[in-house]
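# A look at the structure
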Amino acid sequence: MKLLRLIPNNTNFDFLRIKVIAFFFSLIILSGTFVSLIVNNLNYGIDFKGGILLELRSKNLNSPNINDLREKISTLDAGEVSIQNFGKDTDFLVRIQKQEGNQKEQIAMIEKVKSLTEKDYTLRRSEFVGPVVGDELKKAGIYAVSLALLSIMIYIWFRFEWQFSIAAIIALIHDVLTTVGLFSLLQLEFNLATIAAILTTAGYSINDTVVIFDRVRENLRRYKSKTHYFIYNKSINETLSRTVITSVTTLLALFIIFFFGGAVLSDFA
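Below is a summary of the structure that appears in this document. (Residues numbered from 1 in each chain as written. Predicted model: local features only at pLDDT ≥ 70, side-chain atom pairs only at ≥ 80, totals over all residues. Heavy atoms only, no water.)

So, on to the nonpolar core. In terms of nonpolar packing, the biggest core is built from 24 residues, with Ile156, Leu172, Phe190 and Ile206 touching the most fellow members. Counting only elements with at least two residues in this core, the list comes to helix H5 (131-159), helix H6 (162-186) and helix H7 (192-222). (Core = buried A, V, L, I, M, F, W, Y, C linked by side-chain atoms within 4.5 Å. Buried < 20%, exposed > 50% of the residue type's maximum accessible area, 1.4 Å probe, protein only. Helix = DSSP H or I, 4+ residues; strand = E, 2+ residues; numbered from the N terminus.)

Below, the structure written as structure tokens:
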């Protein structure tokens, strides 16, 4: 029985030959990330900045009108309001800034929207996050990512040597920062699901790094007379098939989540 191989056995690509180009390319991406974070910052969702979130479904299934909904809610003088399609054409996601006052005022605004739209729309979900909770969630997200990076660094340190640990954490920070930079550049909503996505990215990144480092360690013992240039290239080539197969299967799952998982999971994917 023949096995499907996306990458042939005994590949001998000279990856290190383009290392300068790769470093330069990464430098450009990281520079763009920092510039975008300074200019655009992140498009924080209600999870982090607080506010009211409503999910409405139009009762008119033939011709739902987002402009009609926007005009209705604009009469409430609710401050900053964002309305967008949510999954289906008949579903809308309404974000309203936090109203002045306490929880009572937020509930009152939700009731106003409900009474104004109940004739043409069904309220399917309503959420409110206060600014204090938002700040706490933001800090918790930063702590979660930082603790994950630190734990990974300690693990690599014990598993290999300190040089491997530093290299792994630099690569990991690179992947995390570029992911955050993409959210900043495209102004995708940055929420708790995004934190989960970043941690997932970090997991895949370090998993691939550990596999390659493990092969490097084996080859350092096996080819003691060979140069590091040869050993690094050989190690990457020997793990290339596994890397490609893992990446392709992950991408297939993410494509399905992106196209069929609805708007809630699209940014995560």
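Resuming the write-up.
Tracing the backbone shows serine 235 in helix H8 (residues 228-238). Within polar-contact distance, the side chain of serine 235 engages the side chain of asparagine 219 at 2.9 Å. (Polar contact = N/O pair within 3.5 Å; in protein donor to acceptor, adjacent residues only side chain to side chain.)

Another aspect to go through is the layout of surface pockets. One simple way to see leftover space: roll a probe sized like a water molecule over the atoms. Taken as a whole, the largest pocket encloses approximately 1,300 Å³ of empty space. Ala22, Phe23, Ala171, Phe213 and Ile236 are, among the 28 residues lining the largest pocket, the residues nearest its centre. Breaking the lining of the largest pocket down by element, the ones donating at least two residues are helix H1 (19-39), H6, H7, H8 and helix H9 (240-260). Here the lining of the largest pocket gets 8 residues from one element, more than from any other, and that element is H6. Residues of the lining of the largest pocket, tallied by class, amount to 19 nonpolar, 6 polar and 3 charged. (1 Å grid on protein atoms, 1.4 Å probe; cavity = no way out; pocket = protein on both sides within 12 Å on 5 of 7 lines; lining within 4 Å. Points joined across faces, edges and corners; volume = space filled by probe spheres on them. Nonpolar A, V, L, I, M, F, W, Y, C, P; charged D, E, K, R; others polar.)

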